[in-house]
Amino acid sequence: MSPSDTGEAHRVVCTLDEVLRDRGMTLTELSDRVGVTIANLSILKNNRAKAIRFSTLTAICEALDCDVVDVFRIRDEPAV
Amino acid sequence: MRASTRSSGLALVQSFLAVMVASTGLLAVAWITGYNGLGVLPALPHRLELSVQEVDAVPSEPVVVQGRAGVATAAAANAITGGVHGTLTNRDASHDPNGSAGPGSGTSEFYGNQAFLSFWALSTPQHVSWVAVRVAPLLGLTLIWWLLLAMVRNIRRGHGFTARTARRIAGIGLLLALGMPLTQLLRWIVARWLVESSTATGIADPAPISLALWPVAAGMVLLVVALSWGEAARMRDDLQGLV
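Residues numbered from 1 in each chain as written. Chains lettered and ligands numbered in written order. Predicted model: local features only at pLDDT ≥ 70, side-chain atom pairs only at ≥ 80, totals over all residues. Heavy atoms only, no water.

### Things to note about helix H7 (residues 214-239) of chain B
Residue and element names in this part refer to chain B. Put simply, the rule is: The way it works is that DSSP assigns letters per residue, a run of H or I at least four long becomes a helix, a run of E at least two long becomes a strand, and they are numbered from the N terminus. Residue count minus one, scaled by 1.5 Å, sets the expected span of a helix. Accessibility here uses a 1.4 Å probe with only protein chains present; expressed as a share of the type maximum, an area under 20% marks a residue as buried, one over 50% as exposed, and anything in between as partly exposed. Contact criterion: two residues are considered in contact whenever any of their non-hydrogen atoms come within 4.5 Å of each other.
The first and last C-alpha atoms of H7 sit 37 Å apart over 26 residues, in line with the 38 Å expected at 1.5 Å per residue. Those residues of H7 lying buried are Pro-215, Gly-219, Ala-226, Gly-230 and Ala-233. Residues of H7 that are buried in the fold lie against helix H6 (163-196). Once H7 ends, the next one or two residues include Gly-241, with phi positive near 95 degrees.

What follows is the structure, given as C-alpha cells:
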C-alpha cells in the first residue's frame, strides 16, 4: 500500500514563493513562461499540491534557472 | 448551449426518477397497508383496479392442475371452437368464401392445464408471507430508483466520479443479481407452501419456477462497472492536486 493510499502526510515544502521573490518574477509571468495556469501554480506555491508532473517541474526550473532542490525542501516535522 | 441541454436533460431524468421512487414506494405501501396486508386502509378506488387490483384481491397463485381435470378447460374450449380443424373450417366459411386461404392467425387450439388457485382462509403467517414476497421486489425496485436518483443528483452537482457512486452502482448490481432470483425463489416456495396446505393439494401443483437470468447478467455487468468506477474515482482523487 502506497503512502497516498493511506492518506499519510508528506513533508515536502514548496519554496517557489522565495525563488520568485529572489528572481523578481511574478506568478503571472511564470505562468506565461511555463504554460501552467496561475490557479495550478498558486496551488503549488501554497503547498496544496499533492503531486507534480516531471514536465511541469522541468519547465519551472528552466524558467527560473534553478535546480529542483531550490524549489522544494523536506520539512523536519510532518505536515499537519 | 450544449451544457445547458445536458443539464436540462439530467433535470428531466431526475424528475422522472423521483416520480418512479414515489410511485413504486406508494405501491409497496398499498400492499403493506391494504386488504392483504395490515388492512388499515380501505380497498383502493375502482379506478386503480386495473393497475393494482392484486393488492386488494383474494390471494391467489398460478398452478398446474393435474390429471383429466387439468385439461378439461382446454378440452371444453376446443369442443366449442372445434380445435384446429374447427377453426380452419370456421375461418374458411366466414372469411374466405373462395376457400383458398391457408392456416393463419385465425387457426387456434386451446392446450395446457394451468389455472389460478385462490386461497380464502389463509393463516396469518401464510398471509404475511404471500404479501411479503410481493412487497419485497417493490421495495427493491424503489431502492434502485432511489439510488439512481441519488447518482443523478450527484452528477448534476459535478460529483459523479466518486467512491459513493461506485458503491451505489454495486448496490443496484447486487439487488439485480441476487435480489431478483432470491425473490423469485421465495415466491415459488411460498406458493408451494400455500398450495400444499390447501384443499387443492394432490390436485394442483404450483406453477414451475421461472428464474430469469437477465437480471443476474445485468447485475454482474453493473458489479464490474462499479469496480471500474471505484478505480476511476480513486484515480481522480489522485489527480486532484496534481500540478
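### Looking at the pattern of salt bridges
Stated formally: Whenever a carboxyl oxygen of Asp or Glu lies within 4 Å of a side-chain nitrogen of Lys or Arg, that contact is scored as a salt bridge.
The tally for this structure, following the rule as stated, stands at four salt bridges over all chains. Between A:Arg33 and A:Glu29 there is a salt bridge; the shortest N-O distance is 3.4 Å. Of this pair, A:Arg33 and A:Glu29 both sit in helix H3 (residues 27-34), four residues apart, roughly one helical turn. The closest approach of N and O atoms between B:Arg192 and B:Glu196, which form a salt bridge, is 3.2 Å. Highlighted residues: B:Arg192 and B:Glu196, both in helix H6, separated by four residues, approximately one helical turn.

### Looking at the nonpolar core
For clarity, the threshold we go by: Buried residues of nine kinds, namely Ala, Val, Leu, Ile, Met, Phe, Trp, Tyr and Cys, make up a nonpolar core once their side-chain atoms join them within 4.5 Å.
Counting residues in each nonpolar core, the largest one holds 23 residues, and the members touching the most others are A:Leu16, A:Leu30, A:Leu44, A:Ile60, A:Leu64 and A:Val71. Counting only elements with at least two residues in this core, the list comes to helix H2 (16-23), H3, helix H4 (38-45) and helix H5 (54-64) of chain A. With six residues, the top contributor of residues to this core is H5(A). In this structure, A:Leu44 is in contact with A:Cys14, A:Leu16, A:Ala49, A:Ile52, A:Ile60, A:Phe72 and B:Val243, ignoring residues within four places of it in sequence. B:Leu117, B:Phe119, B:Trp130 and B:Ala204 belong to the second-largest nonpolar core, a separate cluster that totals 19 residues.

### Comments concerning the interface of chain B and chain A
Just so we agree on the cut-off: Note on definitions: buried area is the accessible-area loss of two parts on being combined, 1.4 Å probe, summed for both.
Between chain B and chain A, the contact holds six residues from the first and 10 residues from the second. Between chain B and chain A the total buried area reaches about 690 Å² when both faces are included, carbon and sulfur atoms providing 55% of it. Contact with chain A buries area across many residues of chain B, yet B:Gly241, B:Leu242 and B:Val243 alone supply 80% of it, more than any other trio. Along the contact surface separating chain B from chain A lie zero salt bridges.

### So, the confidence of the model for chain B
Basically, it comes down to this: Per residue, pLDDT measures the predictor's confidence, with a range of 0 to 100.
When pLDDT is averaged across chain B, the result is 85; 84% of the residues are at 70 or more. Among the prediction metrics, the complex's ipTM stands at 0.71, with pTM recorded as 0.71.

### Quick word on the sheet that holds strand E2 (residues 114-118) of chain B
Residues and elements named next belong to chain B. Basically, it comes down to this: One requirement defines pairing of two strands: DSSP has to find at least two bridges between them. All axes here are fitted lines through C-alpha atoms, helices being fitted over the stretch that makes contact, and every angle between N-to-C directions spans 0 to 180 degrees.
In space, the three strands of this open sheet follow the order E2-E1-E3, with antiparallel pairing throughout. Two strands bound the open sheet, and with one partner strand each, they are E2 and strand E3 (204-206). For this sheet the average axis-to-axis angle between neighbouring strands, irrespective of direction, equals 50 degrees. Two elements, strand E1 (residues 60-65) and E3, share three bridges in a ladder whose sense is antiparallel. Paired with Val-63 across the strands is Pro-206, a residue of E3. Those strands touched by H6 are E1, E2 and E3, and its axis lies near 160 degrees from that of E3.

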